[in-house]
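# Report on the structure
If you want the building blocks of each chain, they are given just below.
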Amino acid sequence: MTPARLTVLALESSADDSCAAVVDSARRIHANVVIKQHGLNEVHGGIHPIAAHEAHLVNIPRAIAQCLSESRLALSDIDAIAYTRGPGMYGPLSVCAASARALAAATGKPLIGVHHMQAHALTPLLTEPAPPAFPFLTLLVSGGHTMLVLARAADRFEVLATSLDSAMGDAMDKFARALSLRPHPARGLGASLEAHAALPPLPPYSTAPLAPLPAALSTNASASLLAFSFAGLLSAAERRLHALAPRRLQDGLGEPEKREMSRVFQDAAVGHVVSKTEGVLDLIEGRAQGLPAEDGRDGKAKARRKAKSKSASKLSPAAAKKAAQAEAAEARRQAFKDDPVRVTGLVVSGGVGSNLFLRSALKEMLDRRGGGVGLFCPPVALCTDNAAMIAWAAIVRLEAGLMGEPAALAIRKKWPLDALYDDVPAACYRPAQGEGVGGGGGEGEGVA
């Protein structure tokens, strides 16, 4: 039987933060410890996998000790041990995985591996006084991911849009480095760029602001493409920066350029995310228009004619991929048109979810649309990587019938959200959960 109140110790080290937390099923966060690596990242110009791995080996034991001390709990008070099993960097992931497996083996507690992005998506169910009901739309935006996901239940996710290249957080960090900004002590480079963008402009930009950067995926067929792209935006911003102050790049940028370029970059990046988010809302509500002729049904017919006129081997991989993507997009549009979904809210999570300008722009868009879709954002401290969200996702799984998992389950550095726990044996679940649990993708309908 599941205890009346579950208490879980969780570990997280999928990237550069060493995290430990204790959370219980009454939604109380007893302790939440995060040890950053900003100084190390500054030395290496970003996350260095080997250096991050070595730092986690030192910091995860520290985080565990501090977490237990702050929570005033002993390991005997813990009901289960959870950890991030993926996705992320393999070396860093292996530290929290090995530590959690050792703790579970030593104490005899159940071991729970958690999907990092699922945990981000479920964070509002831990933090909100009135959490959104399923289904809701989730914008997962961080240094490693930018995606829009339809959460139909706690273990059923449908990825509707993702980045074609860089993630938003990665692009913001890189441009902050190009501006020679110092990282925010707690939230890193992206937060520093946000802070500079919010400052009043200085002359000459106070009276002559720079023109906006080109909007990504906004012309011709790409305007209807439900995806994100930040590589082109980053390149355009860097070209603008070099044209603006070529000599100052050698001697150090002035404060006027730092503020103004932070502003124009953030405006473009946030505008792009808001635009594509609105497009996905139109899609799931059954209001999305068909793709333009070159990418829609006419394009598919053209691709079929090409395929018939020449052998499949002569059809370039790029052309075949484009035709397949167009066909899948049209099928999805038609499916939502036939069976639209009314979401209860838009959940914003991930490290960039702490950006207040992004939150404000999304709320403005939702208010303009009407329809009662609320905006749900975790506290800033729980937007970036943390173990509290890992503990909560583990509690959701335990309450849905999971009893524990084998320590031998593989770390999954790449792990699609639509393949949740498809490698967990059925024997790991309580029989009362019935069909559809374990060994085939998730905990079943009981977690909705």
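Our structure's up above, just so we're on the same page.
Just so we're clear, the structure is a prediction, and the values are computed from it rather than from any experiment. (Residues numbered from 1 in each chain as written. Predicted model: local features only at pLDDT ≥ 70, side-chain atom pairs only at ≥ 80, totals over all residues. Heavy atoms only, no water.)

## Here we look at the overall build of the chain
Operational definition: Only DSSP runs of H or I with at least four residues qualify as helices, and only runs of E with at least two residues qualify as strands; both kinds are numbered from the N terminus onward. Only protein chains enter the accessibility calculation, which uses a 1.4 Å probe; a residue whose area is less than 20% of its type maximum is buried, one above 50% is exposed, and one in between is partly exposed. Two residues qualify as a contact provided that any one of their heavy atoms is within 4.5 Å of a heavy atom in the partner residue. Only the protein chains shown count as cover for residues, with accessible areas throughout obtained via the Shrake-Rupley method and a probe of 1.4 Å.
When helices and strands are tallied, the chain shows 13 helices and ten strands. Buried positions account for 52% of the 448 residues belonging to the chain. Considering only residue pairs separated by 6 or more positions, the chain has 72% of its internal contacts joining residues 24 or more positions apart. With an accessible surface of roughly 19400 Å², the chain has 55% of that area assigned to carbon and sulfur atoms.

## Things to note about helix α12 (residues 356-369)
How we decide: Each residue after the first adds 1.5 Å to the expected span of a helix.
For α12, which comprises 14 residues, the first-to-last C-alpha distance of 20 Å matches the rise-based estimate of 20 Å (1.5 Å per residue) to within 8%. In this fold, the buried residues of α12 make contact with β6 (136-141), α9 (255-284), β9 (345-349) and β10 (374-376). Looking one or two residues beyond α12, the residue adopting positive phi is G370, at roughly 70°.

## Focus on the packing of helix α7 (residues 231-244) against α9
Applied cut-off: In this analysis, axes come from line fits to C-alpha atoms, helices being fitted only over the stretch in contact, and the angle between any two N-to-C directions falls in the range 0 to 180 degrees. The scheme is simple: roughly parallel for angles under 35 degrees, roughly antiparallel for over 145, roughly perpendicular for 65 to 115, oblique for anything else. Each crossing gets its handedness from the near helix: less than a right angle anticlockwise from the far helix is left-handed, clockwise is right-handed. Gly falls in the polar group here, along with every residue not listed as nonpolar (Ala, Val, Leu, Ile, Met, Phe, Trp, Tyr, Cys, Pro) or charged (Asp, Glu, Lys, Arg).
One can describe the packing of α7 onto α9 by two numbers: an axis separation of 11 Å at closest approach and a directional angle of 155°. With respect to each other, α7 and α9 are oriented roughly antiparallel. Handedness of the α7/α9 crossing: right-handed. Here α7 contributes L233, L234, A237, R240, L241 and L244 to the contact with α9, which in turn contributes E257, M261, F265, A268 and A269. When the residues that make up the contact of α7 with α9 are grouped by side-chain class, the tally is nine nonpolar, no polar and two charged.

## As for the state of the cysteines
Put simply, the rule is: The disulfide criterion used throughout: a pair of cysteine sulfur atoms within 2.5 Å.
By the definition in use, this model includes zero disulfides. C19 takes part in no disulfide bond, and the closest cysteine sulfur to it belongs to C96, at a distance of 9.0 Å. Residue C19 is classed as buried on the basis of its relative accessible area of 0%. When its relative accessible area of 0% is taken as the criterion, C96 is described as buried.

## Considering the sheet that holds strand β7 (residues 146-153)
Put simply, the rule reads: A pair of strands is labelled paired if DSSP reports no fewer than 2 bridges between them.
In spatial order, the strands read β8-β7-β6-β9-β10; together these five strands make up an open sheet with mixed pairing. Each edge of the sheet is formed by a strand with only one pairing partner; in this case those strands are β8 (156-162) and β10. Direction aside, the axes of adjacent strands within the sheet are offset by 25° on average. Pairing of β6 with β7 involves six bridges; the strand directions are antiparallel. Residue L140 lies in a different strand from β7, and its bridge partner there is M147. The sheet contacts of α9 involve β6, β7, β8 and β9, and relative to β6 the element is tilted by about 155°.

Any functional reading would require information beyond the geometric quantities listed.
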